[in-house]
Amino acid sequence: MPDEIVFTVNGVNAVPAQRISLVEAGLLERQHLQQWVIDHPEVIDSDMKVVTFEYGRWMTAGGMPAADRLDVLGLDRAGRLVVVELKRDRAPDTVTMQAINYAAMARLFSLDSLAEVHAAHLGGDTTTDEALAQLKEWAEGVSDETLRTPRIILMAGDFGPTTTNAALYLYESGIDIRLVRYQLYLTSGGETVLSVARLLPVPDAEEYMVRPRSSSGTQVATQAAKVRRASAVDRLIAHKTIPDGTELTIVVPDQVGQDRETIRAWLATHPDRARVRWHNDSSGPAEWAHDGARWRLIRLISHIIETATGQRPNAQVWAQGWFRDQNDRTLHHLAEPLS
């Protein structure tokens, strides 16, 4: 994988930081790397809530305990489990098979059993009902069915060609798998800096690709692959669930973080900033009333965040949760039952 270069800057002086390993920094995989993810799950996925960590209560079909321990188990906004496997420095070539095994076991969770695990994770006097309410508040459409298809996130200091090749094959086969690389740097001032980047899938890569025209047979195969990975927007458009011209409202989710009030204030400054009209066209489904242009959802929300705060989003934007219909339903809520 190509390395990035990090500098500390003081005016015209730019000093390159030294890349170091966890061991060189005196840090450990579980006590430190794992804790960073638990405390700040947005470093790998802005839409993930930690359900539990170091989970090892697996049972074989014969009722015997299985000696496997999952690093982090999360839940995303769509109600899908997120299996997170962490590796110190370079990931071993077997990490993809290990993660698939965890996903295969995790898919047998029911919503009730997941709530029990989350209650134990929260600790204190948290009841299963309280934990279940928190899970449902985080993911409106979570159900036993949505838990059946876990996502996989592998986080390591580096990935070899065997791992990336296997992960790419799984991704192209319809399995939601991501590779996230972290790097530590020692600055000239003696500070340790953490950098995190998603390597697979490459964000918005298809927008920059120019391909030769496919034959009809290849186009059919390509379309079939896209159907397997259809997003909420794709499902809404395919089913025409929202009629063309329907007015939607942009609502800043509470989970956006410290910038949410700034963004809300910016939207409230002009009534057209929070209004869009829906079009069943994947190239630009949102016609923004503020400028009359047609936008892709993630591009529009990213633009709003950057304009309102002066900073580009530092994590992937979950645009589906920003748009609501007249009944206050999010796009995710509308798309969840669609095949």
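Calculation notes
Residues numbered from 1 in each chain as written. Predicted model: local features only at pLDDT ≥ 70, side-chain atom pairs only at ≥ 80, totals over all residues. Heavy atoms only, no water. Axes fitted to C-alpha atoms, helices over the stretch in contact; angles between N-to-C directions. Helix = DSSP H or I, 4+ residues; strand = E, 2+ residues; numbered from the N terminus. Parallel < 35°, antiparallel > 145°, perpendicular 65-115°, else oblique. Contact = heavy atoms within 4.5 Å. Nonpolar A, V, L, I, M, F, W, Y, C, P; charged D, E, K, R; others polar. pLDDT = per-residue confidence, 0-100. Salt bridge = Lys/Arg side-chain N within 4 Å of Asp/Glu carboxyl O. Buried < 20%, exposed > 50% of the residue type's maximum accessible area, 1.4 Å probe, protein only. Phe/Tyr/Trp six-rings, centres within 6.5 Å; stacked < 30°, edge-to-face > 60°. Lys NZ or Arg CZ within 6 Å of the ring centre and 35° of its normal. Pairing = 2+ DSSP bridges.

**A short note on the packing of helix H2 (residues 95-106) against helix H5 (residues 161-172)**
Two numbers describe how H2 lies on H5: the axes approach to 9 Å, and their chain directions differ by 40 degrees. Compared by their axis directions, H2 and H5 come out oblique. On H5, the residues touching Val 95, Thr 96 and Ile 100 of H2 are Thr 163, Ala 166, Ala 167 and Leu 170. Partitioned by chemical class, the residues of the contact of H2 with H5 number five nonpolar, two polar and no charged.

**A word on the confidence of the model for the protein chain**
Here the protein chain averages 84 in pLDDT, and 85% of its residues register 70 or above. Within the model, the stretch residues 204-209 combines pLDDT values under 50 with five contacts to residues more than four positions away or in other chains. Scored below 50 in pLDDT, residues 220-229 shows five contacts in the model against residues more than four places distant or in partner chains.

**Regarding the pattern of salt bridges**
Taken as a whole, this structure holds 17 salt bridges when the rule is applied. In this structure, the salt-bridge partner of Asp 76 is Arg 151, at a minimum N-O distance of 3.0 Å. Here Arg 151 lies in strand S9 (residues 151-156) and Asp 76 lies in strand S7 (residues 70-76), a separation of 75 residues in the sequence. Each member of the pair Asp 76 and Arg 151 is classed as buried. Here Glu 247 makes a salt bridge to Arg 275, at a shortest N to O gap of 3.3 Å. With a gap of 28 residues between them, Glu 247 in strand S12 (residues 247-250) and Arg 275 in strand S13 (residues 275-278) connect regions that are remote in the sequence. With relative accessibility at 29%, the residue Glu 247 sits in the partly exposed group.

**Quick notes on the packing of aromatic side chains**
Overall, the coordinates contain three aromatic pairs when judged by the stated rule. Taking 6.4 Å as the distance between ring centres and 35 degrees as the angle between the ring planes, the aromatic pair formed by Trp 266 and Trp 288 counts as tilted. Taken as a pair, Trp 266 in helix H8 (residues 260-268) and Trp 288 in strand S14 (residues 286-288) lie far apart in primary sequence, 22 residues in all. Accessibility classification places Trp 266 together with Trp 288 in one group, the buried group. An aromatic cluster is defined as three or more aromatic residues linked by ring pairs; in this entry it consists of Trp 266, Trp 288 and Trp 295. The ring of Trp 138 has Arg 77 lying over it, and the distance from NZ or CZ to the ring centre is 3.4 Å. Lying across the ring of Trp 266, Arg 273 places its NZ or CZ 4.0 Å from the centre.

**Here's the deal with the pairing of S9**
Within S9, six of the six residues are buried, leaving the element largely enclosed by the surrounding structure. Along S9, one buried face is formed by Arg 151, Ile 153 and Met 155 and the opposite face, lined by Ile 152, Leu 154 and Ala 156, is buried too. Summarising the sheet, strand S8 (residues 81-86) and S9 pair through five bridges and their orientation is parallel. Bridging from a neighbouring strand, Glu 85 pairs with Leu 154 of S9.

**A closer look at the pairing of strand S10 (residues 177-186)**
Across the ten residues that make up S10, a large majority, nine, are buried. In terms of strand pairing, strand S3 (residues 18-20) meets S10 through three bridges, oriented antiparallel. The residue of S10 that forms the bridge with Gln 18 is Leu 186. In the sheet, S9 pairs with S10 via five bridges, with the strands oriented parallel. Following the sheet pairing, Ile 153 is matched in S10 by Arg 178. Sheet analysis places S10 next to strand S11 (residues 192-200), joined by eight bridges and oriented antiparallel. The residue bridging Tyr 182 from the neighbouring strand is Val 196, located in S11. What sits between S10 and S11 in their antiparallel hairpin is a turn of five residues, with Gly 190 showing a positive phi close to 90 degrees.

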